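# Observations on the three-dimensional arrangement
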Amino acid sequence: MRKQTSRGDLVLEHRIMGEDLVVTLTGGNAHVGAVAVGYYDRIPGHASSSVITLPSHRDDAIALDAARLISSVTHSTTVFTAGIHFENITGEEIEEVLSASKELIDEFVRSLKEN
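Given the structure is predicted, the values throughout are model-derived calculations rather than measurements. (Residues numbered from 1 in each chain as written. Predicted model: local features only at pLDDT ≥ 70, side-chain atom pairs only at ≥ 80, totals over all residues. Heavy atoms only, no water.)

### Things to note about the pairing of strand β4 (residues 34–41)
- On β4, burial follows the alternation: Ala-34, Ala-36, Gly-38 and Tyr-40 on one face are buried, whereas Val-35, Val-37, Tyr-39 and Asp-41 on the facing-out side are not.
- Pairing geometry for β4 and strand β5 (residues 46–53), over 8 bridges, is antiparallel. In the strand pairing of β5, Tyr-40 is matched with Ala-47.
- With antiparallel pairing between neighbouring strands as the criterion, β4 and β5 make up a hairpin whose turn holds 4 residues, including Gly-45 at a positive phi of roughly 75°.
- Bridging between β4 and strand β6 (residues 78–85) involves 5 bridges; their strand directions are antiparallel. Of the residues in β6, the one forming a bridge with Ala-34 is Ala-82. (Buried < 20%, exposed > 50% of the residue type's maximum accessible area, 1.4 Å probe, protein only. Helix = DSSP H or I, 4+ residues; strand = E, 2+ residues; numbered from the N terminus. Pairing = 2+ DSSP bridges.)

### Structural notes on the pattern of salt bridges
- The final tally for this structure, using the stated rule, is 5 salt bridges.
- The shortest N-O distance in the salt bridge between Glu-103 and Lys-3 comes to 2.8 Å. Taken together, the positions of Glu-103 in helix α2 (residues 91–114) and Lys-3 in strand β1 (residues 2–5) put the pair 100 residues apart, joining distant regions of the chain.
- Linking Arg-7 and Glu-93 is a salt bridge whose minimum nitrogen-to-oxygen distance equals 3.0 Å. Here Arg-7, found in the loop between β1 and β2 (8–17), pairs with Glu-93, found in helix α2; they are 86 residues apart in sequence, far enough to count as distant. (Salt bridge = Lys/Arg side-chain N within 4 Å of Asp/Glu carboxyl O.)

By themselves, these figures tell us nothing about what the structure is for.
Structure below.
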């Protein structure tokens, strides 16, 4: 899945591993900035997530929220890797990228619900 921003495309890809998912979200100079694991606990019936962020990266909020959201919908474990980097990005452009990322993740979640 792709979403265009004024600075370039964001790309969300996924792979099914048994009952679990591995999802990546990249844009610009693709890299690993943060990795989150979402887990659905069937007994209380809710999802939680944990994140590891590489030094000097700010991809953690996207990864943490996305892993929890996807796990809550799929009731499975989700590994979500985020790495978005656009050189000399402005505050306004960061907001655009965050908004586009959320839209892309929401679109992905809708597609999971349909299948």
